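# Coordinates in review
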Amino acid sequence: MDLQIMPHDLKLKYPFAISRHTYFSQPNVVIRLYDCKFDGYGEATMNPYYGITIERLVAVFEKIRRKLKSYYFTTPDLMWDDFSDMLTENPFALAALNNASWDLFGKLHGCPVRELFPLKGNSTPMTSYTLGIASPEMLTKKIMDFPWPVYKIKLGTTDDIGLVREIRKHTSATIRVDANCAWTAAVTVKNARALMELGVEYIEQPLRANDPDQLRCFEESCLPLFADESCLTESDVKTCSGQFHGINIKLLKCGGITPALRMIRHARELGMKIMIGCMTETSVGIAAAAQLLPFVDYADLDGPLLLAEDLAAGLRYEQGRLIVGDGNGLGITYHG
């Protein structure tokens, strides 16, 4: 097997701000895994919060490439097992490799990846469109420029409720909020009451990961709470049970489709709601996450909508829903 490594620096449609940082572009690496007749694509993004740089990604992909020269591919799950120890410190690279192997596996079997999963589901959740932190005027402009049935609003400002109140003046869409660890427990409980009056559906990650006050938030918040930074890998699912009402699974954080399937099964056993989320990814990464849509309750898979230009074709968005292609594998065509 061989691996092609393709770095990119993708321009965003708008500057994108969260409580920690403002982004103007999104560096990422697309990989092509190929074995004679068939190939598969995966993607990893740079992310300072998790210590993921393009240099680290390229270096680890070069290591993978050398190991792949003598590797015999059988299944994505076995390949994940074979490479996970090597990539413990870089789950983003592991996810890209795993997702590419699923794309390859689907093409080898002549069917979409989702048909190969050991899960049953027929959910069709709408995907939210994310509004980064900005002035009320800019947020209003974004809503006018891009009408959408579900918005996720990034918070962590000096007037979070005022921002949501201003947005609500201009749309009747479903609103979800993501504080990205910027609040305290007292602020969370207080804000939840105000946000509920504004018709907000749920709050994502109000406190920093491992905050001891999370239990208080869970017990006192009048809105459901979803874990993001608190739920990175499989072992975090049980920890989040009893502290959050649901979890946000992101393939880049957990290591790809293979562990995400196990996280879905575990969360269901614990009675938790499930969101499938993303980083600012192209259709390469989003197509992998989209294979899990039938098995989750909520979706935040808007990566390509935030980019000035995509790197692949095969996905489309219609009235808030992400439509996955019927092609084999992930159903995309890379044109980057």
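See the structure printed just above.
Calculation rules
Residues numbered from 1 in each chain as written. Predicted model: local features only at pLDDT ≥ 70, side-chain atom pairs only at ≥ 80, totals over all residues. Heavy atoms only, no water. Pairing = 2+ DSSP bridges. Helix = DSSP H or I, 4+ residues; strand = E, 2+ residues; numbered from the N terminus. Buried < 20%, exposed > 50% of the residue type's maximum accessible area, 1.4 Å probe, protein only. Contact = heavy atoms within 4.5 Å. Phe/Tyr/Trp six-rings, centres within 6.5 Å; stacked < 30°, edge-to-face > 60°. Lys NZ or Arg CZ within 6 Å of the ring centre and 35° of its normal.

## Thoughts on the sheet that holds strand β8 (residues 225-227)
Strands sit in the order β4-β5-β6-β7-β8-β9-β10-β11 across an open sheet of eight strands; the sheet is parallel. Single-partner strands in this sheet number two, and they are β4 (129-131) and β11 (298-299). The pairing of β4 with strand β5 (residues 150-154) spans three bridges and is parallel. Directly across from Thr130, in β5, lies its bridge partner Lys152.

## A word on the side chain of Thr188
Examined against the element boundaries, Thr188 turns out to sit in helix α6 (residues 185-197). The class for Thr188 is buried, based on a relative accessible area of 0%. The residues contacting Thr188, other than those within four sequence positions of it, are Trp183, Pro206, Leu207, Cys217 and Leu225.

## Considering the packing of aromatic side chains
For the structure shown, the criterion picks out 15 aromatic pairs. Judged by centre distance (6.2 Å) and plane angle (85 degrees), the ring pair of Phe73 and Phe105 falls under edge-to-face. Taken together, the residues span a long stretch of sequence, with Phe73 in the loop between α1 (54-68) and α2 (76-84) and Phe105 in helix α3 (residues 91-109) at a distance of 32 residues. Taken individually, Phe73 and Phe105 each receive the classification buried, so the pair is uniform in this respect. On the numbers, 5.3 Å between centres and 80 degrees between planes, the contact of Trp102 with Phe117 is edge-to-face. In this pair, Trp102 sits in helix α3 while Phe117 sits in the loop between α3 and β4, placing the two residues 15 residues apart along the sequence. A relative accessible area of 7% means that Phe117 is categorised as buried. These aromatic residues form a ring-pair network of at least three members: Phe73, Trp102, Phe105, Phe117 and Phe295. The ring of Tyr34 is capped by Arg32, whose NZ or CZ atom sits 4.2 Å from the centre of that ring. Directly above the aromatic system of Phe83 lies the positively charged group of Lys67, at a separation of 4.5 Å from the ring centroid.

Any link to function would need more than the numbers given here.
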